Amino acid sequence: ESLREIISCETTTTLVPKHTIAVSLTYNFRKNLTIHQEASEAMLKASISRSFGKNFSLELKGENLLNSRQDKRIGRTAQYEYRRGENQMGRYVMLQFSCKF
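These numbers come from a predicted model, not from an experiment.

What to know about the pairing of strand β1 (residues 2-14)
- Along β1, only zero of the 13 residues are buried, which leaves the element largely exposed.
- The turn joining β1 and strand β2 (residues 19-32), which pair antiparallel and follow one another in sequence, is formed by four residues.

Set out below in structure tokens:
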């Protein structure tokens, strides 16, 4: 009575010994045939980091760069039929400095 598929792709590479680039893409789709609900979400994450010696690193990370999430629902009550839709926003970027002791 429900359908779900998840597609995921991830890659990490080192350009020179001190720089690292990572990219991750995940697509999630769900459909519930009983209550007529569909939801799809595409999540793209990317980061670039640079290490300074053995103990210090600086990283720039982006989360939810595609900013794509949708939810649709169709329903029926005794008096009316309805269709409800939802879109969600939430893109952000972080700069992180770390020190290992």
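Let's pick the thread back up.
Brief notes about the side chain of Asn28
- Tracing the backbone shows Asn28 in strand β2.
- In this structure, Asn28 is in contact with Arg4, Glu5, Ile6, Ala39, Ser40 and Glu41, ignoring residues within four places of it in sequence.

Comments concerning the side chain of Ser47
- With respect to the secondary-structure elements, Ser47 resides in strand β3 (residues 37-52).
- Sequence-distant contacts of Ser47, defined by excluding residues within four places in its chain, comprise Thr20, Ile21, Ala22, Glu59, Leu60 and Lys61.

Description of the packing of aromatic side chains
- Under the defined criterion, the tally for this structure stands at one aromatic pair.
- Between Phe56 and Phe97 the ring centres are 6.0 Å apart and the planes differ by 20°, which places this aromatic pair in the stacked class. Here the residue Phe56 occupies a position in strand β4 (residues 56-63), and Phe97 occupies one in strand β7 (residues 92-99), the gap between them amounting to 41 residues.
- Note on Phe97: relative accessible area 54%, which makes it exposed.

Points about a nonpolar patch on the surface
- Taken together, the side chains of Ile48, Phe52, Phe56, Leu58, Leu60, Val93, Leu95 and Phe97 present a nonpolar region at the surface, about 760 Å² in accessible area.
- Those elements that provide at least two residues to the nonpolar patch are β3, β4 and β7.
- When you line up the elements, Phe52 lands in strand β3.
- Owing to a relative accessible area of 37%, Phe52 belongs among the partly exposed residues under this scheme.

Some details on the environment of Leu3
- Residue placement: Leu3 occurs in strand β1.
- For Leu3, a relative accessible area of 46% corresponds to the partly exposed category.
- Along the backbone, Leu3 and Tyr92 are 89 residues apart, and their C-alpha atoms lie at a distance of 30 Å.
- Not counting residues within four places of it along the chain, the set of residues in contact with Leu3 comprises Phe29, Arg30 and Lys31.

Regarding the environment of Ser24
- Mapped onto the elements, Ser24 comes out in strand β2.
- Residue Ser24 is classed as buried on the basis of its relative accessible area of 16%.
- Not counting chain neighbours up to four residues away, the residues in contact with Ser24 comprise Cys9, Glu10, Met43, Leu44 and Lys45.

So, how was this worked out
- Residues numbered from 1 in each chain as written.
- Predicted model: local features only at pLDDT ≥ 70, side-chain atom pairs only at ≥ 80, totals over all residues.
- Heavy atoms only, no water.
- Buried < 20%, exposed > 50% of the residue type's maximum accessible area, 1.4 Å probe, protein only.
- Helix = DSSP H or I, 4+ residues; strand = E, 2+ residues; numbered from the N terminus.
- Pairing = 2+ DSSP bridges.
- Contact = heavy atoms within 4.5 Å.
- Phe/Tyr/Trp six-rings, centres within 6.5 Å; stacked < 30°, edge-to-face > 60°.
- Patch = residues over 30% accessible without salt bridge, like charges linked within 9 Å, V, L, I, M, F, W, Y side chains within 5 Å.
- Areas by Shrake-Rupley, 256 points an atom, 1.4 Å probe, with all protein chains shown as cover.
- Salt bridge = Lys/Arg side-chain N within 4 Å of Asp/Glu carboxyl O.

Any link to function would need more than the numbers given here.
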